[in-house]
Structure formats: structure tokens, C-alpha cells
Amino acid sequence: MSPASPGARILILNFNDYELLDETMQRMIETYQWFIFTVVCTNGSLGELWAKNNGAPIEYFVIKTDDTTSIINQLVKRADYLVAAYDGKNNFCRQLMMKMKMEDKHGEIVRI
């Protein structure tokens, strides 16, 4: 079963390697047969570049606060699925993953 339904908003987070992001997204598209989804990302991110290169609609997330909890809550509210690169140390990413899980939302985590 696909973790994200057609029309889902997929948050791409914390990738510093475009090839790794592209491989991850292509594998997920093939595995889950995703064809219609929106990428949620920040301006200037690799998520934005990937979406533009692959013709995916983009929903920009603008960070307007320094409050980590508020940012995480806003991201969880806007995203249906998380695709993140995680080094096991990034506290923001870890907190976001846990909040997504608490909200019964799923994701693909790539260990870096």
C-alpha cells in the first residue's frame, strides 16, 4: 500500500546531495507508483531543484519564526509524507520525524 495518496504533499528535508535525493525520489515513485504529488520545500533547497527538474508542483514553506516547535507543527500540518536525509544527530529532523509519527504520518528516512 502506498504511504501517500495521489495529491499528497511530500516534504523534502535535509538533503545536501542532489543525486541521493533524486535516487530516493525515483525509487519511491517506482515503488509506490506516485505520479501526482506536490513537493513542500523551502526556496533555494535541493527539494525545490528536484521538483523543478522533474515537473512536480511546489508548495513553498517560508520560515517566519525561530521557535522550533512552531516550525515543526506547521510542517506536520502541511505535509502528508516526509522524505528526509538524517545523520542520526540533527535534533530538528529527529523531532520532526517523531511528530510526524505521532500524527500517524509516514516517511522515508535516508541515513547519511
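Residue numbers run consecutively from 1 along every chain, following the written order of its sequence. It should be noted that, the model being predicted, local features are given only for residues of pLDDT at least 70 and side-chain atom pairs only at 80 or more, the latter also being counted only at that level, while totals for whole chains, interfaces and linings use all residues. Note: side-chain values were computed over all heavy atoms of the structure, leaving out hydrogens and water.

Engineer: Is there a simple way to think about the packing of helix H3 (residues 68-78) against helix H4 (residues 91-102) in this case?
Structural biologist: Only C-alpha atoms enter the line fits that serve as axes; for helices the fit covers just the stretch in contact. Angles between N-to-C directions range over 0 to 180 degrees. Each helix corresponds to a stretch of at least 4 residues labelled H or I by DSSP, and each strand to a stretch of at least 2 residues labelled E; elements are numbered beginning at the N terminus. Two numbers describe how H3 lies on H4: the axes approach to 10 Å, and their chain directions differ by 45°. When the axis of H3 is compared with that of H4, the two are oblique. Here H3 and H4 pass one another in a crossing that is right-handed. Each of Thr-68, Ile-71, Ile-72, Asn-73, Leu-75 and Val-76 in H3 lies in contact with H4, whose residues at this interface are Phe-92, Gln-95, Leu-96, Lys-99 and Met-100. Residues are grouped as follows: Ala, Val, Leu, Ile, Met, Phe, Trp, Tyr, Cys and Pro are nonpolar; Asp, Glu, Lys and Arg are charged; every other residue, Gly included, is polar. Each residue belonging to the contact of H3 with H4 can be placed in one class, and the counts come to 7 nonpolar, 3 polar and 1 charged. Roughly parallel means an angle under 35 degrees; roughly antiparallel means over 145; roughly perpendicular covers 65 to 115; every other angle is labelled oblique. Definitions for this section: a left-handed crossing has its near helix turned counterclockwise from the far helix by less than a right angle. A right-handed crossing has that turn clockwise. Only heavy atoms enter the contact rule, under which two residues are in contact if any of them lie within 4.5 Å.

Engineer: Looking at this structure, I do not really get the pairing of strand S5 (residues 106-111). What am I missing?
Structural biologist: Put simply, side chains in a regular strand alternate between the two faces of the sheet. Two strands make a pair as long as DSSP finds a minimum of two bridges between them. Pairing analysis gives 6 bridges linking strand S4 (residues 81-86) to S5, with the strands arranged parallel. Across the sheet, Ala-84 pairs through a bridge with Ile-109, a residue of S5. This β-α-β element, S4 to H4 to S5, shows right-handed connectivity. When the strands point away from the viewer, a crossover counts as right-handed if the path from the first strand over the helix to the second runs clockwise.

Engineer: What is the right way to read unusual backbone geometry from this model?
Structural biologist: Positive phi outside glycine occurs at Asn-14, with the angle close to 75°. With respect to the helices and strands, Asn-14 occurs in the loop between strand S1 (8-13) and helix H1 (18-32). Positive phi is not limited to glycine here, since Asp-104 has a value of about 60°. Within the fold, Asp-104 resides in the loop between H4 and S5.

Structural measurements only, silent on function.
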